[in-house]
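One-letter residues, chain by chain:
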Amino acid sequence: MIFLKSVICLSLIKAGLALLPFAAFRKVFHWITSTSTVKEVSQQQIELTVWAVDTAANLLPFELLCLPRALATKYLLRKAPFLTLEIGIEVNPAKHFEAHAWVENNGTVIMGKWPESVSYHRLWAWT
């Protein structure tokens, strides 16, 4: 079931990002992810959700980079406390500008991990 939810979520996010200005998308996304209930989510459920989002993103016939994957993970785990969507830029003057989005749970990256040789400077946290 979580895999099917991931496919639908990723498809809708991809369409929303393509069709709406980012400011409008952000407002809509904030509205649908806002919840007054918070519940503890097991590590197993987090790992299953991350697997489902990554697997669905790799199987869908369109490109889904880090932002749609992070947004889908954030949506599917929206009731989990201490979950943030982070956006940052790579700290490497020898390379062109490169942005990255990831999701953290209580300060630990759960979606969008990168090699230790890369360093990102956090610009924005979406709680």
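Anything mentioned here points back to the structure above.
Residues numbered from 1 in each chain as written. Predicted model: local features only at pLDDT ≥ 70, side-chain atom pairs only at ≥ 80, totals over all residues. Heavy atoms only, no water.

*Asks:* Kindly report on the overall build of the protein chain, identifying the contributing residues and their values.
*Replies:* In terms of regular secondary structure, the protein chain is built from four helices and four strands. Counting helices and strands in the order they occur from the N terminus, the protein chain gives α-α-α-α-β-β-β-β. Expressed as lengths along the three principal axes of its C-alpha atoms, the size of the protein chain is roughly 45 × 30 × 30 Å. Looking at the protein chain residue by residue over its 127 residues, the buried ones come to 39%. Total accessible area computed for the protein chain in this model is approximately 7,900 Å², and 60% of it derives from carbon and sulfur atoms. Considering the protein chain, the positive charge centre built from 12 side chains and the negative charge centre built from 9 side chains are found 11 Å apart. (Helix = DSSP H or I, 4+ residues; strand = E, 2+ residues; numbered from the N terminus. Buried < 20%, exposed > 50% of the residue type's maximum accessible area, 1.4 Å probe, protein only. Areas by Shrake-Rupley, 256 points an atom, 1.4 Å probe, with all protein chains shown as cover. Lys, Arg positive; Asp, Glu negative; His and termini not counted. Charge placed at Lys NZ, Arg CZ, Asp CG, Glu CD.)

*Asks:* I'd like to hear about the side chain of R69, residue by residue, with values.
*Replies:* On the secondary structure map, R69 appears in helix α4 (residues 66-76). Exposure remark for R69: the relative accessible area of 14% places this residue in the buried category. In contact with R69, not counting residues within four places along its chain, are L10, V53, D54, A57, N58, L64 and M111. (Contact = heavy atoms within 4.5 Å.)

*Asks:* How would you sum up a nonpolar patch on the surface? Please name residues and give values.
*Replies:* Residues L19, L20, V28, W31 and I32 make up a contiguous nonpolar surface patch of about 550 Å² in total accessible area. Looking at which element gives the most residues to the nonpolar patch, the answer is helix α2 (residues 22-33), with three residues. Along the polypeptide, I32 turns up in helix α2. (Patch = residues over 30% accessible without salt bridge, like charges linked within 9 Å, V, L, I, M, F, W, Y side chains within 5 Å. Salt bridge = Lys/Arg side-chain N within 4 Å of Asp/Glu carboxyl O.)

*Asks:* Please set out the pairing of strand β1 (residues 83-90) residue by residue, giving values where relevant.
*Replies:* Side chains on a regular strand alternate between the two faces of the sheet. Within β1, seven of the eight residues are buried, leaving the element largely enclosed by the surrounding structure. Sheet topology places β1 next to strand β2 (residues 99-105); seven bridges connect them, and they run antiparallel. Residue pairing in the sheet places G88 in a bridge with H100 of β2. Strand direction decides the pairing type here: β1 and strand β4 (residues 120-126), joined by six bridges, are antiparallel. Paired with E86 across the bridge in β4 is A125. (Pairing = 2+ DSSP bridges.)

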